[in-house]
Amino acid sequence: AQTVTQSQPEMSVQEAETVTLSCTYDTSENNYYLFWYKQPPSRQMILVIRQEAYKQQNATENRFSVNFQKAAKSFSLKISDSQLGDTAMYFCAFIPTGNQFYFGTGTSLTVIP
Amino acid sequence: EPEVTQTPSHQVTQMGQEVILRCVPISNHLYFYWYRQILGQKVEFLVSFYNNEISEKSEIFDDQFSVERPDGSNFTLKIRSTKLEDSAMYFCATQLDNGGNQPQHFGDGTRLSIL
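First, a word on scope: everything that follows refers to the structure included in this document.

Points about the pattern of salt bridges
So, point 1. All chains considered together, the criterion is met by 3 salt bridges over all chains.
So, point 2. For A:Asp86, the salt bridge is made with A:Arg63, and the minimal N-O distance between the two is 2.8 Å. Highlighted residues: A:Asp86 in the loop between strand S9 (74–79) and strand S10 (88–95) and A:Arg63 in the loop between strand S7 (60–61) and strand S8 (64–69), separated in sequence by 23 residues. Considered together, A:Asp86 and A:Arg63 belong to a single accessibility category, that of buried residues.
So, point 3. Note that B:Glu44 and B:Arg36 form a salt bridge whose closest N and O atoms lie 3.4 Å from each other.
So, point 4. With a relative accessible area of 10%, B:Arg36 lands in the buried category.

Structure follows, in structure tokens:
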């Protein structure tokens, strides 16, 4: 079974500080892709960052970076220099073979001014 | 940047009525998806669609649900006889091609409320 677990339902961070959102997953696949999506109050699902499982190097995208540990099946998201616009629900997702995305339950992040 | 467009943004319907949710994909995308998010819960896969056929569907996608792309542009999700538990946000997503490294681009969603 393919599952994604986000163990932090809610988190908060002071503006300009760094926060890490955790995600673990379970799969028997060896090749897959991992994503973090952001869902602000406006509801739209926005791609934040993605990681290919066959790449050892952690993906980075401006202030967003991941810590991908394949053996531990862990894929955490680090947000540096947090901004008010980062306030949103963050969903970890992965796609094994096929096209179906599997999503975690989300982490609600609040950036405090 | 091209966007996936969903209409309506909010649909209120009596239980037992039919609803059609519409999605306009990004123009050169070939793979289409519907997801559902019940309030406070995770996003759940419903169905994927390619070349005018369903390629995958979840157990949620029962006989009450159908999808089609009737005019080559709009991609629709129809629920024939709505139930209270169909109340949710419904997201359309589209993908350029069939590769896991290609992200799915999501629309803003349609909030479906069944009374």
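From this point on, the discussion continues.
Re the sheet that holds strand S8 (residues 75–79) of chain B
All names here are of chain B.
So, point 1. Taking strand neighbours across the sheet as the criterion, the 4 strands line up as S1-S3-S8-S7 in an open arrangement whose pairing is antiparallel. Edge strands, defined here as strands with exactly one partner in the open sheet, are strand S1 (5–7) and strand S7 (65–68). When the angles between neighbouring strand axes are averaged without regard to direction, this sheet yields 15 degrees.
So, point 2. Here S1 pairs with strand S3 (residues 19–24) via 3 bridges, running antiparallel. Each bridged residue has a counterpart across the sheet, and for Thr-5 the counterpart in S3 is Val-24.

Considering the interface of chain B and chain A
So, point 1. Listed as interface residues are 23 residues of chain B and, on the opposing side, 19 residues of chain A.
So, point 2. When chain B packs against chain A, the two sides together hide about 1,900 Å² of surface, and 52% of this comes from carbon and sulfur.
So, point 3. Our count for the chain B to chain A interface comes out at 0 salt bridges.
So, point 4. Between chain B and chain A we count 2 residue pairs in polar contact (both at pLDDT 80 or more) in total.
So, point 5. Contributions of two or more residues to the side of chain B that touches chain A are made by strand S4 (31–37), strand S5 (43–50) and strand S9 (88–95) of chain B.
So, point 6. It is S4(B) that provides the largest number of residues to the side of chain B that touches chain A, a total of 4 residues.

Some remarks on the pairing of S7(B)
Residue and element names in this part refer to chain B.
So, point 1. Strand direction decides the pairing type here: S7 and S8, joined by 4 bridges, are antiparallel. The partner of Glu-68 across the bridge, within S8, is Thr-76.
So, point 2. Between S7 and S8, which follow one another and run antiparallel, lie 6 residues, and Gly-72 among them has a positive phi close to 80 degrees.

Some thoughts on the environment of B:Val43
So, point 1. With respect to the helices and strands, B:Val43 occurs in strand S5.
So, point 2. Given the relative accessible area of 3%, B:Val43 is considered buried.
So, point 3. Considered as a pair, B:Val43 and B:Met89 are 46 residues apart in the sequence and their alpha carbons are 8.9 Å apart.
So, point 4. Those residues in contact with B:Val43 that sit more than four places away from it in its chain are A:Met45, A:Phe91, A:Phe103, B:Tyr35, B:Arg36 and B:Gln37.

Examining the state of the cysteines
So, point 1. In the structure shown here, the tally under the stated rule is 2 disulfides over all chains.
So, point 2. Disulfide pairing places A:Cys23 opposite A:Cys92 at an S-S distance of 2.0 Å. For the disulfide bridge between A:Cys23 and A:Cys92, the dihedral angle about the S-S bond is near -65 degrees, and by the sign convention the bridge is left-handed. Separated by 69 residues along the polypeptide, A:Cys23 in the loop between strand S3 (19–21) and strand S4 (24–26) and A:Cys92 in strand S10 bring together distant segments of the chain.
So, point 3. Here A:Cys23 falls in the buried class, since its relative accessible area comes to 2%.
So, point 4. Each disulfide pairs two cysteine sulfurs, and for B:Cys23 the partner residue is B:Cys92, the sulfurs being separated by 1.9 Å.

Here is what the cut-offs are and how they apply
- Residues numbered from 1 in each chain as written.
- Chains lettered and ligands numbered in written order.
- Predicted model: local features only at pLDDT ≥ 70, side-chain atom pairs only at ≥ 80, totals over all residues.
- Heavy atoms only, no water.
- Salt bridge = Lys/Arg side-chain N within 4 Å of Asp/Glu carboxyl O.
- Helix = DSSP H or I, 4+ residues; strand = E, 2+ residues; numbered from the N terminus.
- Buried < 20%, exposed > 50% of the residue type's maximum accessible area, 1.4 Å probe, protein only.
- Pairing = 2+ DSSP bridges.
- Axes fitted to C-alpha atoms, helices over the stretch in contact; angles between N-to-C directions.
- Contact = heavy atoms within 4.5 Å.
- Buried area = accessible area lost by both parts, 1.4 Å probe.
- Polar contact = N/O pair within 3.5 Å; in protein donor to acceptor, adjacent residues only side chain to side chain.
- Disulfide = S-S within 2.5 Å.

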